[in-house]
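Residues per chain, in single letters:
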Amino acid sequence: MPKTSLQHTTLAFVLGGQQRCIEWAEWAKQFVHDFAIDELEKALQALAEKVGREKVRQVYRKRLAEEVRNASVRWTTALDVTSSQEVKVLRNDQLLRLIFEILCLGRLASFAEKMTLLTQKESEPEAEVWFAGHKCMVEVKWYDDPVMQKEAGKMWSRFITDPRPKGVRVPSENLPAHVHLRDKLEGVTEKFKSSPESVNLVLVCWFSVQEFGFTFVPALYGERFMKVPFHPLEFALPQPDELGEDGLFAREDWRLVSGVAGLWAMRSPIFEPRELKWGGMLFPNPKALIPIPQEVAAKLGEALGLFTVGTIQIIFTAEEAEALYDRHVRPLEEKFWGRLAAVNKEGQVLVGDDEVDLTQKAVERFGKGKFILFRIGTKAVGRI
Amino acid sequence: MQASGKVFLVKVEWQVGRYKEQLWAELDTGFSGELVLPATRLGELISRLGNPDGFSWVELADSSQMKAPYYIGSVSPIGSGRHIPCHIYLVGHKAIVGLKILESLNIVPDILQALRSKGITAEWTVDP
């Protein structure tokens, strides 16, 4: 008996038998690595544990067995990692999208208190997921970056595509990236019309090299918030009345959406055993009818590695930190040059020589995260 | 000249509180500290460990300076039997271990000796 059928029992159940599963896996391997099929099995198992095998089959059988197999495929140029040669490979975008969606929902299933897979109607999101007593409706979207179309989904492709398209920096439609993203998200609010009382989340698969500061930030909050490079800890969430009219969150219908995330999954570490690492950034909607509760943000962090922008209270901006140095540490340069200084917002200073020791004292005295460490004289504690 | 793209990777175990994890990190002698984790893990780590313990003012490779969040923890190169108390920073896109690991394991004199044994003049000093 081939290994595939024994390893992928849930996939076999969904597809209607071991033989079908073997055929399907052989077919899918034209487009994805074996590990993607293994991960698919794990995700289906997690979903089955939460919503029942029958429900998983009901929702995904047709999509896996028919829709992706009948989807159009295209040839694309990619880099064969074993030979370092450019090769032409077949790509099935619909399969990549579906695998990502199932993996993402499978991950949520592992952390959810309860979960329901919805029936994939146009008017509904993908799933209802309960975190910390909060009902969350989740819609998973796939973003095809026009610039990096070859790059998008590379982790799922059989070959790694060349991440450096020669000289290509402008989207093919000549649209700025955030405008393109905004267009892609148009209409997503329809999915949440029947759930205005829920935490409504849009998770966008994001395998792009485009900066969040160029894309999600201006698309959601308005172009005037565009900032590159984007430092999530430096970004102060706009107040509802500060939102730019061109940003999606300023719109009335978008009040239904609690937040939008850019999300990716990478296979790491470099050596075996490898696992899927999730990460991304969740952008809360300041005008949302139902804001994202802190407990939900924490669960999303755990499940998908999402950092919710605005969850860390910024004690001081970079400019304020520099001003603190000038006012309270610079006068100490003559006496304490080369030593370390921990400074809080009130200008209280602790001086020491050992980073760990000084930090522990500063945490006790000023509170966790409520101070900044400088090296007296050079300002920077070290180089990264 | 085309870069080879080859890097040294070191397997380390890091720990903050009771949470510990093993990973491969790139050895970067341009990094003066012990361990950096990718900032992309911030969301996950905040949910596991709470807010970062503090912020340090650091210099990046392009000479710009910024404040970087960190946790207080320890790092142990697998096989060394040593646990080095340190700041674990969250910056950039990849895991890196820095010079302090080499220093604390007393490897720097070995590197110097290896260089000198090949007739190369080398010194270990502060960046002027």
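Residues numbered from 1 in each chain as written. Chains lettered and ligands numbered in written order. Predicted model: local features only at pLDDT ≥ 70, side-chain atom pairs only at ≥ 80, totals over all residues.

Helices and strands together make up the secondary structure of chain A, namely twelve helices and 13 strands. When the 384 residues of chain A are sorted by exposure, 45% land in the buried category. When contacts within chain A are restricted to residue pairs at least 6 apart in sequence, long-range pairs at least 24 apart make up 65% of them. (Helix = DSSP H or I, 4+ residues; strand = E, 2+ residues; numbered from the N terminus. Buried ≥ 20, exposed ≤ 12 C-beta atoms within 10 Å, placed from the backbone. Contact = placed C-beta atoms within 7 Å.)

Between chain A and chain B, the residue contacts involve 35 residues of the former and 37 residues of the latter. For the side of chain A that touches chain B, the secondary-structure elements that each account for two or more residues are helix H9 (294–304), strand S9 (306–308), helix H10 (318–329), helix H12 (355–366), strand S12 (371–375) and strand S13 (382–383) of chain A. Broken down by element, the residue count for the side of chain A that touches chain B peaks at six residues, all from H12(A). Taken together, the residues that form the side of chain A that touches chain B break down as 21 nonpolar, nine polar and five charged. As defined by bridge partners, S12(A) adjoins strand S4 (residues 54–59) of chain B across two bridges and the pair is classed as parallel. Note that in S4(B) the partner of A:Leu373 across the bridge is B:Ser56. (Nonpolar A, V, L, I, M, F, W, Y, C, P; charged D, E, K, R; others polar. Pairing = 2+ DSSP bridges.)

Moving on: the packing of helix H5 (residues 53–70) of chain A against helix H6 (residues 93–111) of chain A. All names here are of chain A. Running from N to C, H5 and H6 cross one another at 160 degrees; their axes reach a closest spacing of 10 Å. In terms of orientation, H5 and H6 fall into the roughly antiparallel class. Both H5 and H6 take part in a crossing whose hand is left-handed. Contacts between H5 and H6 involve Tyr60, Arg63, Leu64, Glu67 and Val68 from the first element and Gln94, Leu95, Leu98 and Ile102 from the second. Of the residues in the contact of H5 with H6, the class split is six nonpolar, one polar and two charged. (Axes fitted to C-alpha atoms, helices over the stretch in contact; angles between N-to-C directions. Parallel < 35°, antiparallel > 145°, perpendicular 65-115°, else oblique. Left-handed = near helix turned anticlockwise from the far one by under 90°.)

Interaxial distance between H9(A) and helix H1 (residues 42–49) of chain B falls to 7 Å at its minimum, and their mutual angle equals 115 degrees. In the crossing of H9(A) with H1(B), the sense of the turn from one axis to the other is left-handed. In this structure, H9(A) uses A:Ala298, A:Gly301 and A:Glu302 to contact H1(B), whose residues at the interface are B:Gly43, B:Glu44, B:Ile46, B:Ser47 and B:Arg48. In terms of residue class, the contact of H9(A) with H1(B) is built from two nonpolar, three polar and three charged.

Now for the environment of B:Phe31. Following the sequence through the fold, B:Phe31 ends up in the loop between strand S2 (19–27) and strand S3 (35–37). Classification of B:Phe31 as buried rests on a count of 25 C-beta atoms within 10 Å. In this structure, the C-alpha to C-alpha distance between B:Phe31 and B:Lys100, residues 69 residues apart in sequence, is 8.5 Å. Setting aside residues no more than four positions away along its own chain, B:Phe31 makes contact with A:Arg383, A:Ile384, B:Val36, B:Ile96, B:Gly98 and B:Leu99.

Further remarks concern unusual backbone geometry. All names here are of chain A. We note that Ala132 has phi near 45 degrees; this positive angle belongs to a residue other than glycine. In this structure, Ala132 sits in the loop between strand S4 (127–131) and strand S5 (134–142). Look at Lys379: it is not a glycine, yet its phi comes out positive at around 70 degrees. Counting through the fold element by element, Lys379 comes out in the loop between S12 and S13.

Right, let's talk about the confidence of the model for chain A for a bit. In this model, chain A carries an average pLDDT of 84, and 84% of its residues clear a pLDDT of 70 or more. When the criterion is pLDDT under 50, residues 148–173 of chain A qualifies, and its contacts beyond four places in sequence or with other chains add up to 67 contacts. (pLDDT = per-residue confidence, 0-100.)

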